[in-house]
Amino acid sequence: VTGGPRGDAFALLAQPLDLGAKGTGEARALGAVGGTVSLLTVRALGPEQFVAVVATRTERGHLVLAAVIGADGALRGKLVEVHQSAEPVTWIDAVSAGPDVAVLLASSAGGAATVRASILGATGLSASAAASIAVGARAWAAASTKDGPLLVTMASDGGRDRVRVQPIDPQRKAPSPPTLLAEAARIAPEVEVVSTPDGAIVAWTEGDDGEGRVRLARVVGGKLAGTPRAAGESAGDQALLGLEASRDKILVAWEDGGAVHRATRRVELATLSSDLATPFGRTHMSLGTPDAGAPMLAPLADGFALLGLARACAKEAASCGDAPIGPVYVRASGDLGHVRAVPLTVDRLAGEAPEGAWGLACGERACLAAASGPDELFGVSLDGDVSEVTSPLPAARRTGAPAVRASGVILRGRRLASTSHARLASSWLFATVTEHAEGTPPPPLPPDVDARAEAEKDRLHEKNPKRGSARGAMVRLVSVDDKDRASPPVTLSVRALSTGGVAIAPSAAADEAVVAWVARDDGDPQVFLTRVGPDAKRRGQTMLTSAKGDVSEVALAAVPDGYLVVWVDERDGNGEVYAARVDKVLRKLGPEQRITQAKGNASSLAVRVVGSEAWVAFSDSRGIESGAGDVFMAKLDVAKATKRAEELRLASTAQHARALRFVGTPTGLSILFVDTPAGATGGSWVGRRVPLGANGDPQPAAPLALPDAGDPTSLDVACDAQGCRLAVVRRTSDGLTLAAGALSPDGAVTLHELYPLLAAPGTAHDPMLAGDSIVVADDGAIAGEGRLRRIAVKWR
């Protein structure tokens, strides 16, 4: 629409373009459009036929007009009025209906809309009156299939949201009955539909479980074919952004909510077969700014095209942080292997990026888009001779690499400060302690806690604050059995200290476990122990310590007829390692033993029982003025919890050792840790490995050769006769990411990105390998929320 008002009318023009985005001939006039134009769309119905639909507001009300256009831009027939109403028109579209065209529109005075369809003849001379085919719609989309056009709507009714698909029959005046595709407590008002060789694929976002997931359904003959499935797994509240089809493959794009700390906008991408049975590729697209719009998608003969606002970074550049942001065009194969990425440029803008770009459309040999400068509108060919830039799509995950099979939240609530896990005979137990700053208001009580009893404890604490503990951090457990069934969370305490951490160890018979945690008693932090069963429910509890001074960390391990408990205690002025033995019912067997005698604070405890000894590894800042810690190990007598010899320095660190893990590999025992900057800011984060001899003598520490970008913040390793699996949380400038792979006997690592987390960089969210799954603490979409995510992995 151009030319400005002429009296009370605009001129509707059509300009044909060649594959170089250059105009062929003069623009053709399609007719005069009265009033104020609000919507305009053009759709290709075939190589020689297009349709333009325009909505306008006039003195007569709101009008919708349509015109059939030839490949030369000439009008076929006339500009036809298909609808007039008092309600504003909020959406227009057109899809093929055999030889004719189905012109679609939605109108609403506010709130839910009515969707109507008018059949425009192929000659463009006449159209049927727009008939109502759906009412009360909150979202809608349409596509043409081999069985005719389809309308997909999302509507709410009786407190439930529903997605329906409805055929549009050009030969019938009455609408066909719809088919229900999905029903949930919450479905986002956004649906997409694309045509496939044998029907259509519909996409939407539903969230009965509190975290939205993008779902896909296959429609054949206007009916649901098979069970809807997830588009792909990722963290947080997913939101559908786009759907496209290319021959026998589909591309779905979505975004994970809650990642407000990210410096860019990350869009998740996945391709699947058109029958939804086979996943082909999975990657993401990094857009240039957090508020960049969603990328445009278009089909190619051999894959997909994408156009989005990204950094146009030269391939040879050492860093892309200062690269200009502008529209970048990407050609990707059907498995999302990168083919080509180039910036959208306009010669007449002297190398400057255009102010905007839209209308991505692809033919068999080239893609075109529209772009705007300060005073001009351009057609741009995107497949010209332009230097490539670094692709905003990382390489797609290779077949055979670890991949996410499924994911879910097994515990939600407050943000988590520490986690631990233990394997029992037929289940996994996961223990957590939440973040809580002392002196701040306590969080709401979980549903399994006796609110009346806790209120009485609060009253007694207010009368004498030194007795007992104020409400604070919560110690919570969840059990997952071997059939992947998670128990309801069990709360052990709502009066714990976040700084004390949490640890859990199975009994020698693996029929129960003990949880160690810290809470105040008589004003001082003390170590508490709780026996729990495979269902995570409490079986007994005791307070282990009673000394004055702070307790900052706990660890424990099963030993014959009981447990060895290790903790960091400041009763003597600085953080020293202490140990004690308890029996199966948590009775202390002998006095507490001080293990270390050195200036400096210990942290990051790890315990491993080796025959009649218990090896305790820890980070210690002794002799280091900066407060950073090297890796030490002490050998304890299992029976008495006493130290057998002076502790060994296993590794000197460049910065600070944290996330220590004992790992039993097929070739022997090792300690893995992360060498991190003190204070978790700046510097480089490096994973390191210290092999241990049969008697615990260390070999030189060696860095883990972690591939790809990103600093490791924490890791976990699990080994069997076939080898070792590695899970790593890595820090990038854009957030935390979970990766997984293999650790070979010589320390070589293969690693593949699995899952973007919502947590901000600098936080300690340690992964836990549990069978074929990885469980990791993550953040929620709202500040202060925490999630314990269980991610089922297909390892090979």
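Small disclaimer: the values here were computed from a predicted structure and weren't measured.

**Description of the state of the cysteines**
Move 1: With the rule as written, the count across this model stands at 2 disulfides.
Move 2: There is a disulfide in this structure between C362 and C367, and the S-S distance comes to 2.0 Å. Its S-S torsion of approximately 105° makes the covalent link between C362 and C367 right-handed.
Move 3: With relative accessibility at 24%, the residue C362 sits in the partly exposed group.
Move 4: Covalently, C719 is tied to C724 through a disulfide, its sulfur atoms 2.0 Å apart.

**Description of the environment of T434**
Move 1: Looking at the secondary structure, you find T434 in strand β32 (residues 427-434).
Move 2: A C-alpha to C-alpha distance of 51 Å links T434 and S372, two positions 62 residues apart in sequence.
Move 3: Residues in contact with T434, not counting those within four places in the same chain, are R414, R415, L416, A417, A473, M474 and S498.
Move 4: For T434, the side chain forms a polar contact with the main-chain nitrogen of M474, separated by 2.8 Å.

**Structural notes on the pairing of strand β11 (residues 148-157)**
Move 1: The element β11 is largely enclosed, with a buried count of 8 among its 10 residues.
Move 2: With 8 bridges joining them, strand β10 (residues 131-145) and β11 adopt antiparallel strand pairing. Its bridge partner being in β11, A141 is matched across the sheet by V152.
Move 3: As paired strands, β11 and strand β12 (residues 160-167) are joined by 8 bridges and run antiparallel to one another.

**Remarks on the sheet that holds strand β40 (residues 562-569)**
Move 1: The antiparallel open sheet is built from 4 strands, whose spatial order is β39-β40-β41-β42. Two strands in the sheet have a free side with no partner beyond their single neighbour: β39 (551-559) and β42 (593-594).
Move 2: Pairing analysis gives 2 bridges linking strand β41 (residues 576-583) to β42, with the strands arranged antiparallel. The residue of β42 that forms the bridge with Y578 is R594.

**So, the environment of L706**
Move 1: Structurally, the position occupied by L706 is in the loop between β50 (702-703) and β51 (711-720).
Move 2: For the pair L706 and T750, spaced 44 residues apart in the sequence, the C-alpha separation amounts to 7.2 Å.
Move 3: Excluding anything up to four places from it in sequence, L706 contacts P712, L726, V749 and L751.

**Considerations on the pattern of salt bridges**
Move 1: One pass over the full model with this rule turns up 52 salt bridges.
Move 2: Among the ionic pairs, R539 bridges to E512, the shortest N-O distance being 3.0 Å. Residue R539 is located in strand β38 (residues 538-543), and its partner E512 is located in the loop between β35 (502-506) and β36 (513-521); the two are separated by 27 residues in the primary sequence.
Move 3: Here R688 ties to D675 by a salt bridge, and the two come within 3.3 Å at their closest N and O atoms. Note that R688 is positioned in strand β49 (residues 686-691) and D675 in strand β48 (residues 668-676), a separation of 13 residues in sequence.
Move 4: A single network of salt bridges, built from pairs that share partners, joins E454, K457, D458, R471 and R495.

Rules used throughout
All residue numbers refer to positions counted from 1 along the written sequence of the respective chain. Only residues with pLDDT of 70 or above have their local features reported here, since the model is predicted, and side-chain atom pairs are shown and tallied only from 80 upward, although totals for entire chains, interfaces and linings are computed over all residues. Water and hydrogen atoms were dropped before computing side-chain values, which therefore reflect all heavy atoms in the structure. Count a disulfide wherever a pair of cysteine sulfur atoms falls within 2.5 Å. Exposure categories follow from relative accessible area, calculated using a 1.4 Å probe and restricted to protein chains: below 20% of the type maximum is buried, above 50% is exposed, and the middle band is partly exposed. Here a strand is any run of E in DSSP of at least two residues, a helix any run of H or I of at least four, and the numbering for each starts at the N terminus. Residue contacts are defined here by distance: any two heavy atoms, one from each residue, within 4.5 Å place the two residues in contact. In protein, a polar contact means a hydrogen-donor-capable atom and an acceptor-capable atom, both N or O and within 3.5 Å, with residues adjacent in sequence counting only if both atoms are side-chain atoms; elsewhere, any N or O pair within 3.5 Å suffices. A pair of strands counts as paired when DSSP detects no fewer than two bridges linking them. We define a salt bridge as a side-chain nitrogen of Lys or Arg found within 4 Å of a carboxyl oxygen belonging to Asp or Glu.

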